[in-house]
Amino acid sequence: MSSRETVDFIYEAHERIKPFVHKTPVYTNTTFNNLIGKEAFFKCENLQKTGSFKARGALNTILKLKKSNPNLKGVVAYSSGNHGLATAWASRLAGVKCSVVVPKTTSEFKVTAVQGYGAEVVKCEYDPISRLEACETIATKEGYEIIHTSDHDDVIHGQGTIALELLQEVPDLDAILVSASGGGMISGIAIAAKAINKNIKIFMVEPKGKMAEESLRSGKRLWPNPPQFIDTTAEGLMSQQLGNLTFPIICRLVEKEVFTVGNEDIINGMVFSFRYMKMVIEAAAGATVAAAMSEKLKQMDPGIKKIGVILCGGNIDILKLPWYSST
């Protein structure tokens, strides 16, 4: 266990950011519990500042940077969605300049939202390498600090504050379902949750094409290079590879059994949330709902009775809902 996996950093992050972020509610739904035969507790990060959990990690990172360097020139992030929004918001709150690199294919809906927080938007080609190179170019030219979407200690610690709040409210959870792209959120949640309750199980939820389970079981990075995006309706889960910092944490603390969900499963999870919970969630959150509804969970250890389900975000264009475009 490395020093970055110490839960103290997550408690410190929570004290740092809690004056500025929401302590999001934990909701339950009787219809859902009857459907899955377990008790589910939904941590509603779709109701967080900027519409997703990303506000926690971005703010923690930028506030720490500003404290260590009061003359911080600015920050830059690469993201087509939630991380870009969160970084732009946190930058404005901290009073620093911000640039956000997005693919040329990014919708004007998202671009306008990022610009609404006062950030500069820079467009690049649609692939992981191009956006990283564009980000590094801006950082070098402007003297900005890069705010990584997931693979950074302060980002991981900020996301881990989700688990502190969830387990404060529901301390006897048996498991938590967390969707993963680069792995910052599930790493932080796993560090915090395992420190509080060593017996709790943390399960990763992924879209088809990520292929994380084989890598987790082997402890080796088996993904093809260069890094690529996968084809999924969950835009927040497009990165195939877990991060270099997050992967070892996940290997150590997260269950090797991964919940893999397809586009139809994800959409069904979203529809249930809209229809029965009256909750607007994005596809990445629909993935965790789908995992909770899955036969795989029903067939697992019957001792898993109380589960946390992280609704990671709610940033979806309601004029372009996927169940309409998919029919």
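Residues numbered from 1 in each chain as written. Predicted model: local features only at pLDDT ≥ 70, side-chain atom pairs only at ≥ 80, totals over all residues. Heavy atoms only, no water.

Caption draft 1: Layout of the sheet that holds strand 9 (residues 259-261). Overall, mixed pairing links the six strands, which are arranged 1-2-10-7-8-9 in an open sheet. Since the sheet does not close on itself, it has two edges, and those belong to strand 1 (26-27) and strand 9, each with one partner. Note: strand 1 against strand 2 (residues 39-44), two bridges, orientation antiparallel. What sits directly across from Val 26, in strand 2, is Lys 43. (Pairing = 2+ DSSP bridges. Helix = DSSP H or I, 4+ residues; strand = E, 2+ residues; numbered from the N terminus.)

Caption draft 2: Representation of the packing of helix 7 (residues 153-169) against helix 8 (residues 184-196) in the model. Following both chains from N to C, one finds helix 7 and helix 8 inclined at 45°, their axes separated by 7 Å at the closest point. Relative to helix 8, the element helix 7 lies oblique. Regarding helix 7 and helix 8, the two cross each other, and that crossing is right-handed. Taking contact as the criterion, the partners of Ile 156, Gln 159, Gly 160, Ile 162, Ala 163, Leu 164 and Leu 167 in helix 7 are, on helix 8, Gly 184, Met 185, Ser 187, Gly 188, Ile 189, Ile 191, Ala 192, Ala 193 and Ile 196. Split into classes, the residues belonging to the contact of helix 7 with helix 8 amount to 11 nonpolar, five polar and no charged. (Axes fitted to C-alpha atoms, helices over the stretch in contact; angles between N-to-C directions. Parallel < 35°, antiparallel > 145°, perpendicular 65-115°, else oblique. Left-handed = near helix turned anticlockwise from the far one by under 90°. Contact = heavy atoms within 4.5 Å. Nonpolar A, V, L, I, M, F, W, Y, C, P; charged D, E, K, R; others polar.)

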